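Topology and contacts: notes
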Amino acid sequence: MNLKRLLAAALFALASIPAAFAGQATHEMPTAGPMPFGTFVTSWLNPALAAIISNKSGATAPAVTGQPSAYQWWVDTSTTPKTLKIWDGASWLALATIDTTGHLLALVPTTIELGHASDTTLSRVSAGTVQIEGVTVVTTSNTTTESNKTFVAPALGTPASAVLTNATGLPISTGVSGLGANVATALATPSGANLAAALTDETGTGSPVFGTGPQISTIELGHASDTTLARVSAGVASIEGSTILTAATGQPLDADLTALAGLISAADKLPYFTGAGTAGVADFSATARTLVDDASTSAMRTTLGLAIGADVQAFHARLTDVAAPTYAQGDILYFNGTNLVNLAPGTSGQFLKTNGAGANPSYATIPGGGDMLGANNLSDLVSASTARTNLGLGTAATANTGTSGATIPLLDGANTWSAAQSFSTSAVDLAIGQMAFPAAQNASAGANTFDDYEENTWTPVITFGGSATGVTGTLTGRYTKIGRMVFLKGRIDLTNNGSGTGNAVITNLPFTSSNTDYPVFFGYWGGTSGIVGNITGYVGLSGTTITLQMGGATASANVTDTNLPNTADIMFSTAYEAAN
């Protein structure tokens, strides 16, 4: 009874298969069950059989879960004609088109690879024509090509009498086709006129020219409207009617020209001859050329900075007078009405005497009377005492020192007092308002001795880790030194803090400090970075440096290059005792 039911269900399922199978039915079988056999046949078995029979035909590629499988077929009904395709594991490859009207199957590839894809290809070009590797090998119009064959009495074209032993019977004018215009005539009658008629790109007219001894009246250089080179007469040629070379005017070989031609030219060089038939080049600078191109000697002097009356003394006859004589020690110059002349020295004790207008001066001897008497002046006196008496000087004018009345201290050759002076009754009155000290201090150990005063500028130098390399900016300072105390101020306005790293130290103080530290006050700072509290500092022991510090939680910390970047600007002052 069960077998009957099974057969009945199978017959029912087979009966339910439609006449035209639906395309793209799934190949899949159910993985879950059980189910009625009829359901299995209707819903699973029949569609799978329909898909197999119809090659999964449809307008879209099969997309059921698990499909397509490698090498699965599919008839694409969306194209006209329909296309048979196969899945290569990555894409659908078109194999052939199906012509249901003409009942034809046409391969889609137009190229056949003979062997591997990189080997020889055989492809169709057009109707009746194929190619191998792009070269046409067979066409409907090709004739059979034979090699190393012997033809017995072949009739090659027209006339039939042309036999290819020497083809003597082949007429050029009627037996050869494809020749250009007038070519057959030129071959039959090879004259210059026939050859010119056969050519299509010739220039000029006349007879053909050959390499040995041709005679050409005019040569067109370029186009007929361009420059012409022509023979004028024996040894004479012309370009555009202008003679360029003749036997009489041609430049003969010359050693000097050869020497010049052998030079190597360069910028700012001038050729010159170093000897007979030899040449060289010398420097000829732009400055030298500015002198050579001047049109006059006056312009040259101006170029050289020797303009007369502006840069150098202009000529004057009196200057010639000054340069003309031969001078001896004691000579003097005077004008004699015409020239400047020299007057030789007089004898010892004489004086120079003027002799009035229009007369030359002369030396004369004191006659012993008149205004030049010893009693009236200092001339010809034998005693210093008499000279002081004539001048009305008392004993204070004598060269002695002391503190008693009518005496003065003596000044030596260096204008310094020869002994210490004491001013007991009043203060020193400096009418000029200045007191000068020597550049090199004359230090005194006396506690009450004022031995030095100096004021000047100084240039602070800032270092980082001992290096001032690359530091730039505005660095200025001034100081005043009174005795041993130095009052100093400075400013450092950086534009580049250089390449040094580490602690910041200002160096180059104008005087070495004593063996004591001195604080430094910083009144302004800006453009800094990471400063904690205030910037402070101190002058080190027996040195010329200021160490920069800043506030800290329990103690001062050193200022470094990171705190004083390229934008840093600081101003400071201090007073410290110099070592001397």
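Note that the coordinates shown come from a computational prediction; the quantities given were computed from them, not determined experimentally.

Assigned secondary structure in the protein chain consists of 10 helices and 28 strands. Within the protein chain, the fraction of its 580 residues that count as buried is 18%. Look at the contacts in the protein chain between residues 6 or more apart in sequence, and 37% of them connect residues 24 or more apart. For the protein chain, the exposed surface amounts to about 39100 Å²; the carbon and sulfur share of it is 58%.

This brings us to the sheet that holds strand β1 (residues 73-76). On the basis of which strands lie adjacent, the open sheet formed by 4 strands has the order β1-β2-β3-β4 and antiparallel pairing. Each edge of the open sheet is held by one strand with a lone partner, namely β1 and β4 (104-107). Taking each pair of neighbouring strands and ignoring which way they run, the sheet shows an average axis angle of 30°.

Moving on to the pairing of strand β25 (residues 535-539). Here β25 shows a buried face lined by Ile535, Gly537 and Val539 and an unburied face lined by Thr536 and Tyr538. Two strands pair when backbone bridges link them, and strand β24 (residues 518-526) and β25 are joined in this way by 4 bridges, in the antiparallel orientation. By the bridge assignment, Tyr518 is partnered in β25 with Val539. Taken together, β25 and the strand that follows it, strand β26 (residues 546-550), pair antiparallel across an intervening segment of 6 residues, in which Ser542 is found at a positive phi of about 45°.

Moving on to the packing of aromatic side chains. The final tally for this structure, using the stated rule, is 5 aromatic pairs. Ring geometry for Tyr479 versus Phe511: centroids 5.3 Å apart, planes at 85°, classification edge-to-face. Of this pair, Tyr479 sits in strand β21 (residues 471-482) while Phe511 sits in the loop between β23 (504-507) and β24, and the two are 32 residues apart along the sequence. Accessibility assignment for this pair places Tyr479 and Phe511 in one class, buried. An aromatic cluster is defined as three or more aromatic residues linked by ring pairs; in this entry it consists of Trp74, Trp87 and Trp92. Between the NZ or CZ atom of Arg289 and the centre of the ring of Phe284, over which it lies, the distance is 5.9 Å. Directly above the ring of Phe511 sits Lys481, whose terminal nitrogen or CZ lies 5.3 Å from the centroid.

Along the chain, Leu199 turns up in the loop between α5 (192-198) and β9 (218-220). Remark: the alpha-carbon pair of Leu199 and Asn182, spanning 17 residues in sequence, is separated by 8.4 Å.

Cis geometry is adopted by the peptide bond preceding Pro81, which originates at Thr80 and carries an omega value of -5°. Looking at where Pro81 falls in the secondary structure, it is placed in the loop between β1 and β2 (82-87). Even without a glycine there, the phi angle at Asn182 is positive, about 70°. Summarising the element assignment, Asn182 is placed in the loop between α3 (172-175) and α4 (183-188). The exposure class assigned to Asn182 is partly exposed, which follows from its relative accessible area of 41%.

Considering all chains together, one arrives at 7 salt bridges under this definition. The partner of Lys85 in a salt bridge is Asp76, and the shortest N-O contact between them spans 3.1 Å. Residue Lys85 shares its accessibility class with Asp76, and that shared class is buried. Notably, a salt bridge pairs Arg289 with Asp268, separated by 2.8 Å at the nearest N-O pair. Separated by 21 residues along the polypeptide, Arg289 in helix α7 (residues 286-292) and Asp268 in the loop between α6 (255-261) and β13 (269-275) bring together distant segments of the chain.

Once that is clear, we can look at a nonpolar patch on the surface. Where nonpolar side chains cluster on the molecular surface, the patch consists of Met435, Phe450, Tyr453, Ile482 and Phe487 and spans about 480 Å² of accessible area. Relative to the elements of secondary structure, Ile482 occurs in strand β21. In this structure Ile482 comes out as partly exposed when scored by relative accessible area, which is 39%.

Let's shift gears to the pairing of β26. With 5 of 5 residues buried, β26 is to be regarded as a mostly interior element. The alternating pattern of β26 places Ile546, Leu548 and Met550 on one face and Thr547 and Gln549 on the opposite face, and all of these are buried. Relative to β26, β23 runs antiparallel, the two being bridged by 2 bridges. Looking across to β26, one finds that Val505 is bridged to Thr547.

For the rest of this paragraph, the subject is the nonpolar core. Core analysis: the biggest nonpolar cluster contains 29 residues, and Leu488, Ile546, Leu548, Leu564, Phe572 and Tyr576 have the highest contact counts within it. Of all the secondary structure elements, the ones that give two or more residues to this core are β20 (461-464), β21, β22 (485-497), β23, β24, β25, β26 and β28 (569-577). By residue number, the principal contributor to this core is β22, which donates 4 residues. With sequence-adjacent residues up to four places away left out, Phe572 is seen in contact with Trp458, Pro460, Leu488, Lys489, Gly490, Arg491, Ile492, Ile506, Val520, Phe521, Phe522 and Ile546.

The next point concerns the confidence of the model for the protein chain. With 70% of its residues at a pLDDT of 70 or more, the protein chain has an overall mean of 78. Here residues 9-22 is modelled with pLDDT under 50, and outside its nearest four sequence neighbours on either side it reaches 11 contacts, counting other chains as well.

Below, the discussion takes up helix α2 (residues 37-53). Taking the largest bend as the criterion, α2 deviates by roughly 35°, centred on Leu45, and proline Pro47 comes between one and four positions later. Buried within α2 we find Val41, Asn46, Ala48, Ala50 and Ala51. Two residues or fewer past α2, Asn55 is found with a positive phi of approximately 55°.

Okay, the environment of Ala198 next. The topology assignment puts Ala198 in helix α5. For Ala198, a relative accessible area of 18% corresponds to the buried category. As a C-alpha pair, Ala198 and Leu187 span 11 residues in sequence and 9.5 Å in three-dimensional space.

What follows concerns the side chain of Asn497. Relative to the assigned elements, Asn497 resides in strand β22. Overall, Asn497 belongs to the buried group, its relative accessible area being 12%. Of the polar contacts made by the side chain of Asn497, one reaches the backbone oxygen of Leu564; its length is 3.3 Å. Those residues in contact with Asn497 that sit more than four places away from it in its chain are Phe464, Val471, Asp561, Leu564, Pro565 and Asn566.

One can find Gly543 in the loop between β25 and β26. The class for Gly543 is buried, based on a relative accessible area of 15%. A sequence separation of 26 residues divides Gly543 from Asp517, and the C-alpha atoms of the two residues are 9.7 Å apart. When sequence neighbours within four positions are dropped, the list of residues in contact with Gly543 reads Phe511, Thr512 and Ser513.

Here is what the cut-offs are and how they apply
Residues numbered from 1 in each chain as written. Predicted model: local features only at pLDDT ≥ 70, side-chain atom pairs only at ≥ 80, totals over all residues. Heavy atoms only, no water. Helix = DSSP H or I, 4+ residues; strand = E, 2+ residues; numbered from the N terminus. Buried < 20%, exposed > 50% of the residue type's maximum accessible area, 1.4 Å probe, protein only. Contact = heavy atoms within 4.5 Å. Areas by Shrake-Rupley, 256 points an atom, 1.4 Å probe, with all protein chains shown as cover. Pairing = 2+ DSSP bridges. Axes fitted to C-alpha atoms, helices over the stretch in contact; angles between N-to-C directions. Phe/Tyr/Trp six-rings, centres within 6.5 Å; stacked < 30°, edge-to-face > 60°. Lys NZ or Arg CZ within 6 Å of the ring centre and 35° of its normal. Salt bridge = Lys/Arg side-chain N within 4 Å of Asp/Glu carboxyl O. Patch = residues over 30% accessible without salt bridge, like charges linked within 9 Å, V, L, I, M, F, W, Y side chains within 5 Å. Core = buried A, V, L, I, M, F, W, Y, C linked by side-chain atoms within 4.5 Å. pLDDT = per-residue confidence, 0-100. Bend = angle between axes of the 7 residues up to and from the residue. Polar contact = N/O pair within 3.5 Å; in protein donor to acceptor, adjacent residues only side chain to side chain.

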